[in-house]
Amino acid sequence: MVVTKFDTEKRKDMFKVEVDPDKCVGDEECIEVCPVDVLQLNNGKASPVRPDDCLGCESCVQVCEFLAIKVTEV
Ligand code: SF4
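Every value quoted in this text rests on a predicted model; they were computed, and no experiment measured them.

## Let's talk about the overall build of the protein
Next up, step 1: The helix and strand tally for the protein stands at 3 helices and 4 strands.
Next up, step 2: Moving toward the C terminus, one meets the helices and strands of the protein in the order α-β-α-β-β-α-β.
Next up, step 3: When burial is assessed residue by residue, the protein has 22% of its 74 residues classed as buried.
Next up, step 4: Sequence separation of 24 or more characterises 59% of the internal contacts of the protein that already satisfy a separation of 6 or more.

## Examining the environment of Val74
Next up, step 1: Structurally, the position occupied by Val74 is in the segment after strand E4 (69-73).
Next up, step 2: You can call Val74 exposed: it has 9 C-beta atoms within 10 Å.
Next up, step 3: Residues Val74 and Met14, 60 residues apart in the sequence, show an inter-C-alpha distance of 5.4 Å.

## With respect to the site of the ligand
Next up, step 1: By nearness alone, 16 residues border the ligand, and Cys34, Val38, Cys54, Cys57 and Cys60 come closest of all.
Next up, step 2: Within the residue set of the shell around the ligand, elements represented by two or more residues are strand E1 (15-19) and helix H3 (59-63).
Next up, step 3: Residue composition of the shell around the ligand, grouped by class: 13 nonpolar, 2 polar and 1 charged.

## Looking at the nonpolar core
Next up, step 1: Membership of the largest hydrophobic core comes to 14 residues, with the highest contact counts inside it found for Cys30, Leu39, Cys60 and Ile69.
Next up, step 2: Not counting residues up to four positions away in its chain, the partners in contact with Leu39 are Cys30, Ile31, Cys34, Ala46, Ser47, Pro48, Val49 and Cys60.

## A look at unusual backbone geometry
Next up, step 1: The backbone of Asp37 shows a phi angle near 55°, a positive value even though the residue is not glycine.
Next up, step 2: Looking at the secondary structure, you find Asp37 in the loop between helix H2 (29-33) and strand E2 (39-42).
Next up, step 3: A positive phi angle, near 55°, is found at Leu67, a position not held by glycine.

## Examining the environment of Val36
Next up, step 1: Note that Val36 resides in the loop between H2 and E2.
Next up, step 2: C-alpha separation for the pair Val36 and Arg50, spaced 14 residues apart in sequence, amounts to 8.7 Å.

Thresholds, definitions, all that
Residues numbered from 1 in each chain as written. Predicted model: local features only at pLDDT ≥ 70, side-chain atom pairs only at ≥ 80, totals over all residues. Helix = DSSP H or I, 4+ residues; strand = E, 2+ residues; numbered from the N terminus. Buried ≥ 20, exposed ≤ 12 C-beta atoms within 10 Å, placed from the backbone. Contact = placed C-beta atoms within 7 Å. Near = placed C-beta within 6 Å. Nonpolar A, V, L, I, M, F, W, Y, C, P; charged D, E, K, R; others polar. Core = buried A, V, L, I, M, F, W, Y, C linked by C-beta atoms within 7 Å.

Structure (structure tokens):
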């Protein structure tokens, strides 16, 4: 999915990002792929520090081979 600046402005506050700490191995794949820096590493686990900025692109979900991330529309 291509994320444009227009999408960034239009789709704020619409998605909930959850990381399962039991599944996350802290490989930072999701952090690197997120176009708007929603996720950061916190105590070795990915943590959604800016969830309101999420665009719902699900790039983080797709890149996580441990199925640790869930993104849902709210
Ligand atoms: S779905 Fe994941 S990769 Fe996409 S904006 Fe939200 S947190 Fe970032």
